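The lines below spell out each chain.
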Amino acid sequence: MLSVFRRKVFHGSFIAAITVREALNSALDEEMSADPKVFLMGEEVGEYQGAYKISKGLLEKYGPERVLDTPITEAGFTGIGVGAAYYGLRPVVEFMTFNFSMQAIDHIINSAAKSNYMSAGQISVPIVFRGPNGAAAGVGAQHSQCYAAWYAACPGLKVLTPYSSEDARGLLKAAIRDPDPVIFLENELLYGESFPVSAEVLDSSFCLPIGKAKIEKEGKDVTITAFSKMVGLALKAAEILAKEGISAEIINLRSIRPLDRDTINASVRKTNRLVTVEEGFPQHGVGAEICTSVIEESFGYLDAPVERIAGADVPMPYAANLERSAVPQVEDIVRAAKRACYRAVPMAATA
Amino acid sequence: MATAFSSINVVQHARCDNFSVASRKPSSAFLGSTYSIRLSPSASRSASVSAAVNRKASSVSAVSEVVKEKKQKSVSSGSNLLITKEEGLEVYEDVVLGRVFEDMCAQMYYRGKMFGFVHLYNGQEAVSTGFIKLLKKEDCVVSTYRDHVHALSKGVPAREVMSELFGKTTGCCRGQGGSMHMFSKEHNLIGGFAFIGEGIPIATGAAFTSKYRREVLKEADCDHVTVAFFGDGTCNNGQFYECLNMAALWKLPIVFVVENNLWAIGMSHLRSTSDPEIWKKGPAFGMPGVHVDGMDVLKVREVAKEAIGRARRGEGPTLVECETYRFRGHSLADPDELRDPDEKARYAARDPIAALKKYMFENNLVKEAELKAIDKKIDELVEDAVEFADESPQPSRSQLLENVFADPKGFGIGPDGRYRCEDPKFTEGTAHV
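What you see is a predicted model, and the numbers here were worked out from it, not measured in a lab. (Residues numbered from 1 in each chain as written. Chains lettered and ligands numbered in written order. Predicted model: local features only at pLDDT ≥ 70, side-chain atom pairs only at ≥ 80, totals over all residues. Heavy atoms only, no water.)

A.B. asks: Can you walk me through the overall build of chain B in this structure?
C.D. replies: Tallying secondary structure elements over chain B gives 13 helices and 10 strands in all. Burial analysis of chain B (433 residues in total) assigns 57% to the buried set. Considering only contacts in chain B between residues 6 or more positions apart, those separated by 24 or more positions represent 72%. Carbon and sulfur atoms provide 53% of the accessible area of chain B, an area that totals close to 17800 Å². (Helix = DSSP H or I, 4+ residues; strand = E, 2+ residues; numbered from the N terminus. Buried < 20%, exposed > 50% of the residue type's maximum accessible area, 1.4 Å probe, protein only. Contact = heavy atoms within 4.5 Å. Areas by Shrake-Rupley, 256 points an atom, 1.4 Å probe, with all protein chains shown as cover.)

Structure (structure tokens):
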């Protein structure tokens, strides 16, 4: 149930603001209601109403056979989900955080991602793996890793990273209806954030295409790509840059695999400068892939080297100030954009 | 040691050619689950799993039993036979097919037609035939990398399996899977997994689907059973225990079949396992654990009937440990130096095909000529499969990028080339909540 938070008169068609949590909850609710083969399984999704309350109310509505509280056995229940998907159901497997998915990664990659290929199209796996990804606040090294790059490297998976409520709703609905395994990377810190949405988004048939990025803000001087939480920071950076006369184009990637190379390259050909932003580890990360894609397809259009902003190349520290330095901040994005525009700015102090 | 659990009738099975000895042995307090334990009847000589279990429908009777001494000793008239003539011929044909096919695989491998990892099933045919020949087409089988014979028993044509092994496009997976990844949607063989233990949660998921279909989707006649095959080495893997727990917890229609051939490549089961008796691990999770002589197809068939029947009736999972042996090495690349030749000789004397033949002759079920006819038929079938595979084309280069996604272009783009979400039919039926 969507509770309309506040009715403001927004420009254009926005009629309400909902949190990402509500967006996800409503998307799950509608998809489970539409198709009885969809079911949710994970730790604490039922009686606890979801570890982060994403599945609130679903147990009461759909019963324990469709909202399953599992024992703490990621490998086991992920495999069970994959087996159920092989045989015709459409499971949504929730990981309490994607860090725990490492215990089940064999099933995600070997049983889910590769099966359609190994069986030559006989066995498709319409499963969704979702849960919070990336850093939260002060949760330490083992709870803070971003898995976008790892999963996006694997053929056979689709990897989605919503930012706003509109993204969350549309992409989750698309993911559940998709006939292939989808890794749906949410962000814990975004769950409580509220975004304005239009009536179209609130409609139960709303769905977003997988594999298309969104240009959140148009610009002409530098392209900044980001996904998940970093989109918010990039938008703030754009405001700061605008005051200094740099017009930044912000691309919300939405889909890491397949990566919307066309949109990114078209944007770079327009602005000639690129900054990639991500929260995860820098080596072999999403930014590395975007950079190579741009060099392969739009090398002649680049006027400056591609700037890559990523998390620090260390396991996430606990102390609050160190954690702040280990994750990209708005100032880092601003600095990088200026460097790309050849404004005289010293290199940022790296960890 | 007299404890609250001393009423368990624990029957130990010695690892030798002796048959089951029903001995009353006081159990330790650590054996069995905390559910109420039923006293097994003294008729445990011919007891099967269901006898004790069905007695009390409500709680789980954690009965660990050894099943089946050879009934053939007492057989004289036809009414006591374990098998009819038709069944006997069907079973015989299946075990011979398994054996001849695997021998042909070895030949083809050494001639260079087959490559990569090939794991042969010689010696274990009784387990595959014993279980799979009792299943319906809709029942599911999940296997490991040693899956050729499981595929054949489940009904995948020998031609398709052989082509798959040769890497040709006419194979059951169009050459994309290979020896270790046999899949057949039509015959409900859902893998073929290279990682040990990987198939167990998948099988549990398939069993979950069967139950879900019956209870949530209200398909009242959906009583499909899943049989998961795996080895002794897998029984030390965490996923095995996770699934024993969840299968018993949710009473899933699954049979866990352990093909205990005592060796995991070169690691002896006894060296790697604290308690080598795998059947005992069932009751720890609240399901019956059964041990059976896996070199005798008729014994396996009897146990399989009970276990599959249990699952079909909705009584939950069973763990069946089949003591068996592989006559060849772990794979065709394994020099097989660590196994004792005496052990190999002992088990070779218990060859399942020879044992089945002997039973059928002794009970006048078949004539020599009929069996010879089957032998010939199978030889021809396998040779035809080789010829077919040889003549089949290799996959074309364009096949390389196909089938990565069920979505043809992997972008949420449907077969008509447009985004799925733009198609009004795609969102039809979505509920307003």
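From this point on, the discussion continues.
A.B. asks: Would you take a moment to explain the confidence of the model for chain A for this structure?
C.D. replies: Reading fine detail from the predicted coordinates is not recommended where pLDDT is low. When pLDDT is averaged along chain A, the result is 92, and 94% of the positions lie at 70 or above. Below pLDDT 50 for its whole length, residues 1-11 of chain A participates in 20 contacts with residues either more than four positions away or in separate chains. (pLDDT = per-residue confidence, 0-100.)

A.B. asks: How should I be thinking about the interface of chain B and chain A in this particular structure?
C.D. replies: In this complex, chain B contributes 58 residues to the contact, which on the side of chain A involves 63 residues. For the pair chain B and chain A, the two sides together bury roughly 4900 Å², of which 66% comes from carbon and sulfur. Summed over the shared surface of chain B and chain A, the result is 0 salt bridges. For the pair chain B and chain A, the interface holds 18 residue pairs in polar contact (both at pLDDT 80 or more). Ranked by residues supplied to the side of chain B that touches chain A, first place goes to helix 6 (residues 199-215) of chain B with 10 residues. Tallied by class, the residues present in the side of chain B that touches chain A amount to 28 nonpolar, 19 polar and 11 charged. (Buried area = accessible area lost by both parts, 1.4 Å probe. Salt bridge = Lys/Arg side-chain N within 4 Å of Asp/Glu carboxyl O. Polar contact = N/O pair within 3.5 Å; in protein donor to acceptor, adjacent residues only side chain to side chain. Nonpolar A, V, L, I, M, F, W, Y, C, P; charged D, E, K, R; others polar.)

A.B. asks: Mind showing me how you'd approach the nonpolar core here?
C.D. replies: Judged by nonpolar contacts, the single largest core of 148 residues is most densely connected at A:F129, B:F131, B:M162, B:F208 and B:F256. Considering every element that reaches this core, the biggest residue donor is helix 2 (residues 85-110) of chain B, with 12 residues. Residues A:A168, A:A174, A:V231 and A:A237 belong to the second largest nonpolar core, which totals 66 residues. (Core = buried A, V, L, I, M, F, W, Y, C linked by side-chain atoms within 4.5 Å.)

A.B. asks: Looking at this structure, how should I read the sheet that holds strand 14 (residues 307-309) of chain A?
C.D. replies: Two orientations exist for strands paired in a sheet by backbone hydrogen bonds: parallel and antiparallel. Residue and element names in this part refer to chain A. The strand order across the open sheet formed by 5 strands is 9-11-10-13-14, and the pairing between neighbours is mixed. Of all the strands in the sheet, just strand 9 (214-217) and strand 14 have a single pairing partner and so form its edges. Strand-to-strand twist of the sheet, defined as the mean angle between neighbouring strand axes without regard to direction, takes the value 25°. In terms of strand pairing, strand 10 (residues 222-226) meets strand 11 (residues 248-252) through 5 bridges, oriented parallel. Bridging across to strand 11, I224 finds its partner in I250. (Pairing = 2+ DSSP bridges. Axes fitted to C-alpha atoms, helices over the stretch in contact; angles between N-to-C directions.)

A.B. asks: I tried to follow the sheet that holds strand 4 (residues 90-94) of chain A on my own but got confused; where do I start?
C.D. replies: Residue and element names in this part refer to chain A. Read from one edge of the open sheet, 7 strands run 3-2-4-5-7-6-12, paired in mixed fashion. In this open sheet, the two edge strands, each paired with only one partner strand, are strand 3 (67-69) and strand 12 (255-257). Ignoring which end each strand starts from, the neighbouring axes of this sheet average 20° apart. Strand direction decides the pairing type here: strand 5 (residues 128-132) and strand 7 (residues 182-186), joined by 5 bridges, are parallel. Of the residues in strand 7, the one forming a bridge with P132 is E186. Along the sheet face, helix 1 (residues 20-34) touches strand 2 (38-42), strand 3, strand 4, strand 5 and strand 7 and points at about 130° away from the line of strand 2.

A.B. asks: Looking at this structure, I do not really get the UniProt feature "domain: Dehydrogenase E1 component" (unreviewed entry) in chain B. What am I missing?
C.D. replies: In the UniProt entry, the feature "domain: Dehydrogenase E1 component" (unreviewed entry) is given for residues 97-396 of chain B. The distance separating the terminal C-alpha atoms of residues 97-396 of chain B is 31 Å; by composition the span is 45% helix and 12% strand. (UniProt positions renumbered as here; feature names shortened; annotations may be inferred.)

A.B. asks: Teacher, can you tell me more about the environment of B:D334 here?
C.D. replies: All names here are of chain B. Structurally, the position occupied by D334 is in the loop between strand 10 (318-323) and helix 11 (341-348). Sequence separation between D334 and V225 is 109 residues, and the spatial gap between their C-alpha atoms is 34 Å. When residues no more than four places from it in sequence are discounted, the contact partners of D334 are R326 and G329. Polar contacts involving the side chain of D334 include one to the main-chain amide nitrogen of H330, which spans 2.8 Å.

A.B. asks: Before we go on, may I ask you to explain the UniProt feature "domain: Transketolase-like pyrimidine-binding" (unreviewed entry) in chain A in this structure?
C.D. replies: Listed under "domain: Transketolase-like pyrimidine-binding" (unreviewed entry) in the UniProt record, and renumbered for this structure, are residues 18-193 of chain A. Spanning residues 18-193 of chain A, this segment combines 36% helix with 16% strand, and its end C-alpha atoms are found 8 Å apart.

A.B. asks: Could you clarify how one ought to interpret unusual backbone geometry in this entry?
C.D. replies: Of all residues except glycine, most have a negative phi; of all peptide bonds, most are trans. For the peptide bond that leads from A:R257 to A:P258, omega is 0°, which places it in the cis range. You can see A:P258 is positioned in the loop between strand 12 and helix 10 (261-271). With an omega dihedral of 5°, the bond running from B:G191 to B:G192 counts as a cis peptide bond. Mapped onto the elements, B:G192 comes out in the loop between strand 4 (189-190) and helix 6.

A.B. asks: In this structure, what is going on with the packing of aromatic side chains? I would like to understand it.
C.D. replies: Pairs of aromatic rings are described using the distance from one ring centre to the other and the angle between the two planes. Using the criterion set out here, one finds 22 aromatic pairs over all chains in the structure. An angle of 40° between the planes, with centres 5.2 Å apart, marks the rings of A:F39 and B:Y212 as tilted. Remark: B:Y212 occurs in helix 6 and A:F39 occurs in strand 2; the pair is interchain, linking two chains. For the residue pair A:F39 and B:Y212, the accessibility class agrees, reading buried in each case. A ring pair is formed by A:Y86 and B:F193, whose centres lie 6.4 Å apart and whose planes are at 20°; its orientation type is stacked. (Phe/Tyr/Trp six-rings, centres within 6.5 Å; stacked < 30°, edge-to-face > 60°.)

A.B. asks: What should I look at first to understand the environment of B:R310 in this one?
C.D. replies: All names here are of chain B. Tracing the sequence through the fold places R310 in helix 10 (residues 297-313). For the pair R310 and L244, spaced 66 residues apart in sequence, the C-alpha separation works out to 16 Å. Only 2.8 Å separates the side chain of R310 from the backbone oxygen of P317, close enough to count as a polar contact.

A.B. asks: What should I look at first to understand the packing of helix 2 of chain B against helix 13 (residues 368-391) of chain B in this one?
C.D. replies: All names here are of chain B. Viewed as axis vectors pointing N to C, helix 2 and helix 13 meet at an angle of 40°, and their least axial separation amounts to 9 Å. As summarised for this structure, helix 2 and helix 13 are arranged oblique, according to the angle between their axes. Our pair here, helix 2 against helix 13, has a crossing hand that is right-handed. Packed against helix 2, whose contacting residues are K85, L89, Y92, E93, V96, L97, V100, F101, M104 and M108, the element helix 13 presents E370, L371, I374, D375, K377, I378, D379, L381, V382, E383 and V386 at the interface. Its residues assigned to classes, the contact of helix 2 with helix 13 shows 14 nonpolar, no polar and 7 charged. (Parallel < 35°, antiparallel > 145°, perpendicular 65-115°, else oblique. Left-handed = near helix turned anticlockwise from the far one by under 90°.)

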